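Structural overview
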Amino acid sequence: MLDLRTIRENEATVRNALAQRGAGVNLDDLLRLDQERRATLQEVEGLKSERNTVSKEIGARKRAGEDTQAQQERVREVGRRIAELDERVRTLQTDLEARLLRIPNIPYRETPVGADASGNRVVREVGTRPAFDFEPADHVALAERLGLVDFARGARISGAGFLVYTGWGARLERALVQFMLDLHTREHGYTEIQPPLLCHAATMTGTGQLPKMAEDMYTIEADGLYLIPTAEVPVTNLHREEILDRPLPIKYVAYTPCFRREAGAAGRDTRGMIRVHQFDKVEMVQLVEPEQSYAVLEELVQQAETVLQRLELPYRVLELCTGDLSFAAARCYDIELWAPGQQDWLEVSSCSNFEDFQARRAGIRYRGPDGKPRFVHTLNGSGVALARLYVALLEHYQQADGSIRIPEALSPYVGGIDRLTPP
RNA sequence: GGAGAGAUGGCUGAGUGGUUUAAAGCGGCGGAUUGCUAAUCCGUUGUACGUCUAUCAGGCGUACCGGGGGUUCGAAUCCCCCUCUCUCCGCCA
């Protein structure tokens, strides 16, 4: 959420930034509502001040045994007017809030300007894509041949887009999760969190999933709950409506399943495990001082890259342009893995700085050097997303004999074996 | 799911309609005193919104005693609804 005062005082800058994102926002109505709210507030607060004074006087005179009938009647009138104006302020306030919650964040000043994904900038490409002396298979064939994933039974029990990992396939998934958690907790200084997977509306609003992305989430209507699309949601909201009493930065890492309806993506990537309704992800979240947030963003990207470097997989880092930035992000890097079976790049991480956009929505503050509360900056980065990592790993490490080599760093997590072989 | 008890400032805890613009204590901050530490003494103390001014600061106003609504000239206090916590019962991995 943007600060209303910022919008008021920097109207041109805000308009320009939102235009670069391609966001159609009616600022005129917003500013008019703001104007009316402040005017009405001034009027009603004046009346309340008057009422407080007179009421106090009535109390004093009653104690002195004087008649206060006339005064009481007069104040009753004032009270009626106050009730009307209060109602008006409430309406304006609600309307303003609803509009503010739908305005996306302002992009970082160096963000490349572009209309869509084609405007993204390749920051670097690391590692070399493998050369095969045979025709590389895709992950669906590999997973089926090795008995790692059962696509048909996933569809049978839950529908298309749900996976069943079996035997060594399940073991490999667990190994990857554990490998990443160990890396981030032991070497990168994160505290591990296991949050709820169902969150209510206030939490979903805090990080920006609501109100705009409601149709992307699975809902539990009977209880007013939503399945989390990412651990970012519960973990960032851990400190909702708090003035933090601990030193910054706060660094959390969480493994959770993620649930996405992929409502707008029907028919895309339907084959295999590239776009599924449920996948595992290890997510890093940081709450930091505003002055540090852009340095921390670089740190996050490197920590996500470390996962891929240890697994010896080739990848590239992109900076998203204004038109491709997600709703709440001010600056975002995506990391993509090369998948030989797809002959394409797969997004496995998204590292974003939200500045104070989420903190303002969620009310997450800390005390600055002057002791006054300030909003923190929030960041998160996948470290990294499974399913797609799994795809790239299978396709990258496939051998001519049909086996899958296990990279050295991962081997201890699968009981020391160095390859998966067909049964 | 049923019954009961509770929710007050950073913490403990008083307060059942107007001298409470929330007592007192603890803690925090500033100062005094003091070889050092401790102790003692004095002062100070939250958040949001609005507004004004001599605007790296402050003044004024409004609201905030779990959340929302109501009664009243006036609500922490009375009434209604909700949430959460605790205790007991039931159910249960």
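Residues numbered from 1 in each chain as written. Chains lettered and ligands numbered in written order. Predicted model: local features only at pLDDT ≥ 70, side-chain atom pairs only at ≥ 80, totals over all residues. Heavy atoms only, no water.

**Notes on the overall build of chain A**
Helices and strands together make up the secondary structure of chain A, namely 12 helices and 18 strands. Expressed as lengths along the three principal axes of its C-alpha atoms, the size of chain A is roughly 100 × 45 × 40 Å. Here chain A holds 423 residues, and the buried ones make up 50% of them. Relative to all contacts within chain A whose residues are 6 or more apart in sequence, the contacts with residues 24 or more apart total 72%. (Helix = DSSP H or I, 4+ residues; strand = E, 2+ residues; numbered from the N terminus. Buried < 20%, exposed > 50% of the residue type's maximum accessible area, 1.4 Å probe, protein only. Contact = heavy atoms within 4.5 Å.)

**Focus: unusual backbone geometry**
A cis amide bond links Leu210 with the next residue in sequence, Pro211, at an omega value of 5 degrees. Locating Pro211 in the fold gives a position in the loop between helix H8 (201-207) and strand S6 (219-220). For the peptide bond that leads from Leu248 to Pro249, omega is 0 degrees, which places it in the cis range. You can see Pro249 is positioned in the loop between strand S8 (242-243) and strand S9 (250-259). In the Ramachandran plot, Glu241 falls in the positive-phi region, its phi being about 55 degrees despite a non-glycine side chain.

**Some words on the protein's contact with RNA strand B**
Taken together, the neighbourhood of RNA strand B is formed by 23 residues, with Ser55, Arg63, Val75, Arg76 and Arg365 sitting nearest. Considering RNA strand B, the proportion of its atoms within 4 Å of the protein that are sugar or phosphate atoms stands at 73%. Within the side chain of Glu45, a nitrogen or oxygen atom sits 2.9 Å from a base nitrogen of RNA strand B. Within the contact set of RNA strand B, a base nitrogen lies 2.6 Å away from a backbone nitrogen or oxygen of Ser55. Counting residues per element, the ones that place at least two in the surface near RNA strand B are helix H1 (4-9), helix H3 (27-63), helix H4 (69-100) and strand S14 (364-367). (Near = heavy atom within 4 Å. Polar contact = N/O pair within 3.5 Å; in protein donor to acceptor, adjacent residues only side chain to side chain.)

**A look at the nonpolar core**
Note on soluble globular proteins: their nonpolar side chains tend to be buried together. Counting 66 residues, the largest nonpolar core has Leu172, Leu176, Met180, Leu308, Leu389 and Leu410 as the members making the most contacts within it. For Leu308, the contacting residues outside a window of four places in its chain are Leu313, Tyr315, Ile335, Leu337, Val348, Val384 and Leu389. Counting 23 residues, the second-largest nonpolar core is a separate cluster that includes Leu33, Leu100, Phe327 and Cys332. (Core = buried A, V, L, I, M, F, W, Y, C linked by side-chain atoms within 4.5 Å.)

**Overview of the packing of aromatic side chains**
Inspection of every chain in the model, using the stated rule, returns six aromatic pairs. An angle of 25 degrees between the planes, with centres 4.0 Å apart, marks the rings of Tyr108 and Tyr294 as stacked. Taken as a pair, Tyr108 in the loop between H4 and strand S1 (121-126) and Tyr294 in helix H10 (residues 293-310) lie far apart in primary sequence, 186 residues in all. The exposure classification of Tyr108 matches that of Tyr294, with both residues buried. A ring pair is formed by Phe132 and Phe134, whose centres lie 5.3 Å apart and whose planes are at 70 degrees; its orientation type is edge-to-face. Classification of Phe134 by relative accessible area gives partly exposed; the value is 24%. Geometry around Trp338 places Arg129 over its ring, the cationic atom sitting 4.3 Å from the centre. Geometry around Tyr190 places Lys251 over its ring, the cationic atom sitting 4.9 Å from the centre. (Phe/Tyr/Trp six-rings, centres within 6.5 Å; stacked < 30°, edge-to-face > 60°. Lys NZ or Arg CZ within 6 Å of the ring centre and 35° of its normal.)

**Quick word on the environment of Gln286**
Here Gln286 shows up in strand S10 (residues 278-288). Residues Gln286 and Ile250 lie 36 residues apart in sequence; the distance between their C-alpha atoms is 5.5 Å. Dropping the residues within four chain positions of it, Gln286 is found in contact with Tyr190, Pro249, Ile250, Lys251, Val296, Glu299, Leu300, Gln303, His377, Thr378 and Leu379. A distance of 2.9 Å separates the side chain of Gln286 from the side chain of Tyr190, its partner in a polar contact.

**Focus: the pattern of salt bridges**
Where charged atoms of side chains with opposite charge meet at close range, the side chains can pair. The tally for this structure, following the rule as stated, stands at 28 salt bridges. Across the salt bridge formed by Asp138 and Arg271, the nearest N and O atoms sit 3.1 Å from each other. Linking Asp138 in the loop between S1 and helix H5 (139-145) with Arg271 in the loop between S9 and S10, this pair joins segments that are 133 residues apart in sequence. For Asp138, a relative accessible area of 15% translates into the label buried. A residue is classified by how much of its surface remains accessible, and Arg271, at 53% relative accessible area, is exposed. Residue Arg310 pairs with Glu187 through a salt bridge whose shortest N-O separation is 2.8 Å. With Arg310 in helix H10 and Glu187 in helix H7 (residues 168-187), this pair connects stretches of sequence that are 123 residues apart. (Salt bridge = Lys/Arg side-chain N within 4 Å of Asp/Glu carboxyl O.)

**A look at H7**
Here H7 is 20 residues long and its end C-alpha atoms lie 27 Å apart, about the 28 Å a rise of 1.5 Å per residue gives. Those residues of H7 that sit buried are Gly169, Leu172, Glu173, Ala175, Leu176, Val177, Phe179, Met180, Leu181, Asp182, Leu183 and His184. Gly189 occupies a position one or two residues after H7 and carries a positive phi of about 75 degrees. (Expected span 1.5 Å × (residues − 1).)

**Description of the pairing of S9**
Most of S9 sits out of view: nine of its 10 residues are buried. Where strand S4 (residues 191-193) meets S9, three bridges bridge the pair, whose relative direction is parallel. By the bridge assignment for S9, Ile193 is matched with Ala254. Bridge analysis of S9 against S10 gives 10 bridges, and the strand direction is antiparallel. Bridge pairing in S10 places Lys251 opposite Gln286. (Pairing = 2+ DSSP bridges.)

**Description of the domain arrangement of chain A**
The figure often quoted for interface size is the accessible area lost as the parts come together. Annotation of chain A at the domain level lists domain 1 (4-100) and domain 2 (117-420). Computed over C-alpha atoms only, the centres of domain 1 and domain 2 are separated by 44 Å. (Domains from an automatic or database assignment.)

**Points about the sheet that holds S9**
Overall, mixed pairing links the eight strands, which are arranged S1-S11-S12-S13-S16-S10-S9-S4 in an open sheet. Only two strands of the sheet have a single neighbouring strand rather than two, namely S1 and S4. Across the sheet, the mean angle separating the axes of adjacent strands is 25 degrees when strand polarity is ignored. Bridging between strand S12 (residues 331-339) and strand S13 (residues 344-353) involves nine bridges; their strand directions are antiparallel. Across the sheet, residue Ile335 finds its bridge partner in S13, namely Ser349. Together, S12, S13 and strand S16 (377-385) form the strand contacts of helix H12 (residues 388-396), whose direction differs from that of S13 by roughly 140 degrees. (Axes fitted to C-alpha atoms, helices over the stretch in contact; angles between N-to-C directions.)

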